[in-house]
Amino acid sequence: MLNTIIIQPPLVQLNTPYPSGAYLKAFFQELYTKNELQGSAAWYDLSTELFHKVFCRDGLKTVFQQSHSNALKTADNFENQGDDNSAFQLRRFVSQADLWCQWIDKIVSVLCESGKISGREFTHEFVRSAHAPRGNRMEQYLSKLERDVGVDDSRILASLALADLADYITIAYDSNFGLIRYAESVATSTSDFDNVEQNLNSPVLNNFLKPLLDEKIGEIKEETLVCISIPFPGTFAAGLFAAKYLKQKFADKVVIAMGGGYVNTELRTVSEKRLFNYCDFLSYDKGYGSYINFFQQIKEKGLKNALDGNQFYKIKYLHKDKIIEPLENSSQFEKQEREIVHHLIPDFSSIDYTRCPRLADSDNPMHRIWNDGSWLKVYMAYGCYWHRCAFCDTSLDYVKNFCNTDIRHLYDGIYEQAKKTGVYGLHFVDEACPPVAMQEFALKNINKAKTDTSLTYWGNIRFEKTFTRDLADLLSYGGLTAVSAGIEIATGKGLNLVNKGTDMENIVAACCAFKEAGILVHSYMIYGFWNQSEQDLINSMETLRQLFEAGLLDSAFFHKFTLTLHSTVYREWKEGKHPDLKPIENPKGQFAENDIRFEGEEKSEKYTAGLMTAVDNWMNGTKLKKNVESYFQFKMPRPEIKPDYIEKLIAAYEAKRDAAFKNTNGKNKCVWLGGNVIVLKSGSGSQLCWSYMGELLYADVQKSQAKQMADFINSINSQNFDSKNDDFTVQKIIETLGKNLFFQLRGKGLCSLI
């Protein structure tokens with residue numbers, strides 16, 4: 001008997017589980033079946049569970065009791081430093097501690113649908129009562145309202161209440177705490193493992209996570225492989241704590257593995273032996289090949305003796321005080337991994353999504369979508385089909401080794417997960433969803449709508465020329481509600497600097513197509529790239545302003561460039577290609593190693609406040625005419641971008657779009673997205689009438705042909721699409737309807753496929 005336990009340590013995004021556990025659970029279930037092994041695989045998402053342990057009556061009571069003295073002492077220190085507001089906030093929390101304890105279950109019930117308490121009835125009192133607790137973030141939101149507060153504000157206020165409480169916990173109780181991360185700075189900035197270990201004595205870990213582990217894990221009576229997923233730096237401390245707990249309590253029964261994004265990037269070449277006091281091995285990249293190899297050894301030598309000093313595929317471990325490096329390449333295991341990626345369906349069936357809080361931390365619809373909804377996180381493809389961006393970790397498996405999934409199988413499998421969980425929303429977490437795969441998925445979803453509830457979804461893409469108006473219309477009709485993608489540096493020079501593989505013309509065209517189709521658009525931006533000039537930064541900022549002004553973006557975020565060990569630009573520097581880049585090599589033996597400092601990187605910090613303020617204004621539809629250089633407290637060059645730059649690119653898009661609607665290539669296929677076509681009398685002739693995107697449209701036709709034309713158009717409905725049916729070809733459509741009607745229908749319901 002060999003069991004597997006998969007643990008997602010806290011804290012990650014609270015509204016939905018991080019997907020690695022779902023994929024690993026499905027993988028191990030399949031592995032047990034194929035190898036005819038006795039045992040089971042269980043997945044514990046401790047992030048949501050820790051949230052409920054802290055943010056409840058008993059949890060806050062513990063926090064306030066144990067932080068009372070420190071909170072008042074810290075308030076005195078703030079006051080002595082002239083920070084009266086921070087002193088006021090802390091003292092108010094201490095005074096209102098009982099009130100927060102009385103209200104917290106009601107506040108959480110506004111955000112969760114667990115059924116223990118109905119939160120809807122409390123919203124009226126919560127938003128209006130002078131006796132409901134308030135914090136700094138809540139009051140800032142209320143002060144900016146240009147209307148009376150109403151119950152529709154309750155979810156935002158409840159979310160901000162949690163953020164206010166998290167601020168108090170961080171200042172007065174546990175400095176490592178964050179609402180969606182824990183001890184992140186310790187994991188990313190430390191060069192000494194001692195610092196990491198010291199933080200394992202933190203209050204939240206010992207007073208909340210430890211009892212949670214006792215409750216969830218209970219007793220381990222059989223030999224068990226424990227897989228701890230560390231996707232982000234903010235989960236590392238809790239992951240180590242969980243590993244230490246399991247080692248101390250079940251040392252003779254468990255072998256502990258750690259993997260995930262943080263392990264893949266920061267601990268790739270780790271040489272700190274003390275890490276292996278907590279885990280038995282590190283599993284890199286997808287993990288599937290590692291565990292297949294490990295299970296082969298278990299069959300021969302048993303769980304506790306499997307790590308015998310030999311190399312394993314993508315596994316690093318300590319044996320007799322010597323670190324055994326992983327076998328990086330194996331055609332056998334690589335082939336198996338690609339086959340698994342192609343067909344594996346994540347298993348979310350054990351997750352109770354009613355316990356996931358749906359945080360509403362913004363009025364901006366695109367920003368809100370990340371947290372407002374219990375999305376099933378999945379991917380259409382593993383890796384990135386471009387994988388050439390200069391700033392990206394292009395030497396690592398999760399970027400460079402692109403592998404498609406079987407989209408039809410993925411759709412059927414994830415639909416079964418939707419029925420089991422009751423969650424019909426998907427977040428595709430791909431590096432960039434492939435357009436062809438997106439089209440196939442949309443067609444499957446459209447077909448499903450004939451007989452059952454269809455899925456709704458959003459995800460990451462690349463802004464590129466493939467995203468035409470036709471494709472955007474199809475995707476929107478097929479359930480796509482939002483996209484996020486990187487522009488990075490919104491100038492021709494900047495796009496070339498980061499090797500984005502696209503240009504502003506194609507970026508604007510993609511944004512236009514999505515917005516015309518009613519799809520939300522978010523853009524990732526970069527500043528502080530190692531050789532970006534101040535002029536190029538202000539030009540990029542002006543282009544972004546014009547994109548917002550034109551209504552092509554709903555939200556954006558500026559990320560400060562970080563040079564990483566596994567990036568294209570660092571590899572090229574090592575090859576002698578960027579003599580002006582001056583990396584500051586990490587100290588030998590540094591624990592977390594992916595981030596690399598470089599000379600001059602601090603110079604870009606002065607731009608942060610101005611960029612963030614500008615984007616916040618634009619996302620809220622304000623100050624769209626303000627000169628971009630005026631956002632900074634120091635002299636900046638005027639942008640070189642012409643005021644009508646984006647306007648002209650929009651005009652170019654519209655010309656290309658309209659030209660595409662006139663394309664009569666007979667081999668292309670089209671589908672009908674419009675409503676049922678009906679025939680109306682029109683004088684001595686007839687009219688075809690149909691709805692599309694909320695409008696009612698008409699086309700004059702000969703009376704003798706009207707019914708035949710209407711029937712044909714209805715027959716090529718996207719729900720009936722069959723790639724082998726010639727009726728969907730442009731040639732057949734024109735033969736049946738004629739060019740004139742064909743042109744009238746294009747862009748108004750008749751959609752061309754890629």
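Let us look at the structure shown here. (Residues numbered from 1 in each chain as written. Predicted model: local features only at pLDDT ≥ 70, side-chain atom pairs only at ≥ 80, totals over all residues. Heavy atoms only, no water.)

## A few points about the sheet that holds strand 19 (residues 583-584)
So, step 1. Spatially, 18-20-19 is the arrangement adopted by the three strands of the open sheet, whose pairing is antiparallel. Single-partner strands in this sheet number two, and they are strand 18 (563-564) and strand 19.
So, step 2. Relative to strand 20 (residues 595-598), strand 19 runs antiparallel, the two being bridged by two bridges. For I584, the partnering residue across the bridge sits in strand 20 and is R597. (Pairing = 2+ DSSP bridges. Helix = DSSP H or I, 4+ residues; strand = E, 2+ residues; numbered from the N terminus.)

## Considering helix 18 (residues 407-421)
So, step 1. With 15 residues, helix 18 extends 21 Å between its outermost C-alpha atoms, agreeing within 8% with the 21 Å of an ideal straight helix rising 1.5 Å per residue.
So, step 2. Buried residues of helix 18: I407, L410, Y411, G413, I414, Y415, Q417, A418 and T421, and no others.
So, step 3. Close packing links the buried residues of helix 18 with strand 10 (376-378), strand 13 (425-428) and helix 19 (435-448).
So, step 4. Of the residues that open helix 18, the one with a side-chain oxygen 3.3 Å from the backbone nitrogen of R408 is D406.
So, step 5. Positive backbone phi, approximately 80°, marks G422, located one or two places after helix 18. (Expected span 1.5 Å × (residues − 1). Buried < 20%, exposed > 50% of the residue type's maximum accessible area, 1.4 Å probe, protein only. Contact = heavy atoms within 4.5 Å. Polar contact = N/O pair within 3.5 Å; in protein donor to acceptor, adjacent residues only side chain to side chain.)

## Examining the sheet that holds strand 23 (residues 685-692)
So, step 1. In space, the three strands of this open sheet follow the order 22-23-24, with antiparallel pairing throughout. Strand pairing shows two members of the sheet lacking a second neighbour, strand 22 (678-682) and strand 24 (695-701), which therefore form its edges. For this sheet, the mean angle separating the axes of adjacent strands, direction not counted, is 35°.
So, step 2. Across seven bridges, the pairing between strand 23 and strand 24 is antiparallel. Pairing of S686 across the sheet is with V701, part of strand 24.
So, step 3. In the packing of helix 27 (residues 703-715) onto the sheet, the strands contacted are strand 22, strand 23 and strand 24, and the crossing angle to strand 23 comes to about 20°. (Axes fitted to C-alpha atoms, helices over the stretch in contact; angles between N-to-C directions.)

## Overview of the state of the cysteines
So, step 1. Within this structure, the stated rule accounts for zero disulfides.
So, step 2. The thiol sulfur of C511 is not disulfide-bonded, and the nearest other cysteine sulfur, from C512, lies at 7.2 Å. (Disulfide = S-S within 2.5 Å.)

## A few points about the packing of helix 1 (residues 20-34) against helix 14 (residues 288-301)
So, step 1. One can describe the packing of helix 1 onto helix 14 by two numbers: an axis separation of 11 Å at closest approach and a directional angle of 35°. For the element pair helix 1 and helix 14, the recorded crossing hand is right-handed. Contact residues: helix 1 offers Y23, L24, F27, F28, L31 and Y32, while helix 14 offers Y288, Y291, I292 and F295.
So, step 2. Here the contact of helix 1 with helix 14 is built from residues that sort into 10 nonpolar, no polar and no charged. (Left-handed = near helix turned anticlockwise from the far one by under 90°. Nonpolar A, V, L, I, M, F, W, Y, C, P; charged D, E, K, R; others polar.)

## Looking at the pairing of strand 23
So, step 1. The buried fraction of strand 23 is high, at seven of eight residues.
So, step 2. Of the pairings in the sheet, the one linking strand 22 to strand 23 comprises five bridges and is antiparallel in character. Considered in strand 23, the bridge of S682 is made with G685.
So, step 3. In textbook terms, the turn of a hairpin is the stretch between consecutive antiparallel strands, and for strand 22 and strand 23 this stretch comprises two residues, one of which, G683, has a positive phi near 60°.
So, step 4. Where strand 23 hands over to strand 24, the hairpin turn is made up of two residues, of which M693 adopts a positive phi near 50°.

## Considering the nonpolar core
So, step 1. Counting residues in hydrophobic clusters, the biggest one holds 113 residues, and the most contacted among them are F28 and F294.
So, step 2. Sorting elements by how many residues they give to this core places helix 22 (residues 504-516) first, with nine residues.
So, step 3. Excluding residues that lie within four positions of it along the chain, F294 makes contacts with L225, V255, F281, L303, A306, L307, F312 and I315.
So, step 4. In this structure, L46, A97, L111 and I217 belong to the second largest nonpolar core, which totals 91 residues. (Core = buried A, V, L, I, M, F, W, Y, C linked by side-chain atoms within 4.5 Å.)

## Notes on helix 26 (residues 645-661)
So, step 1. A rise of 1.5 Å per residue sets the reference length of helix 26, with its 17 residues, at 24 Å; its end C-alpha atoms lie 25 Å apart and thus fit the reference within 8%.
So, step 2. Inspection of helix 26 places I646, L649, I650, Y653, R657 and F661 among the buried residues, and these make up the whole buried set. Along helix 26, the residues classed as buried sweep out an arc of 115° about the axis, all on the same side. Counted as exposed and oriented over 90 degrees from the buried face of helix 26: E647, K648 and K656. (Arc of directions from axis to C-beta.)

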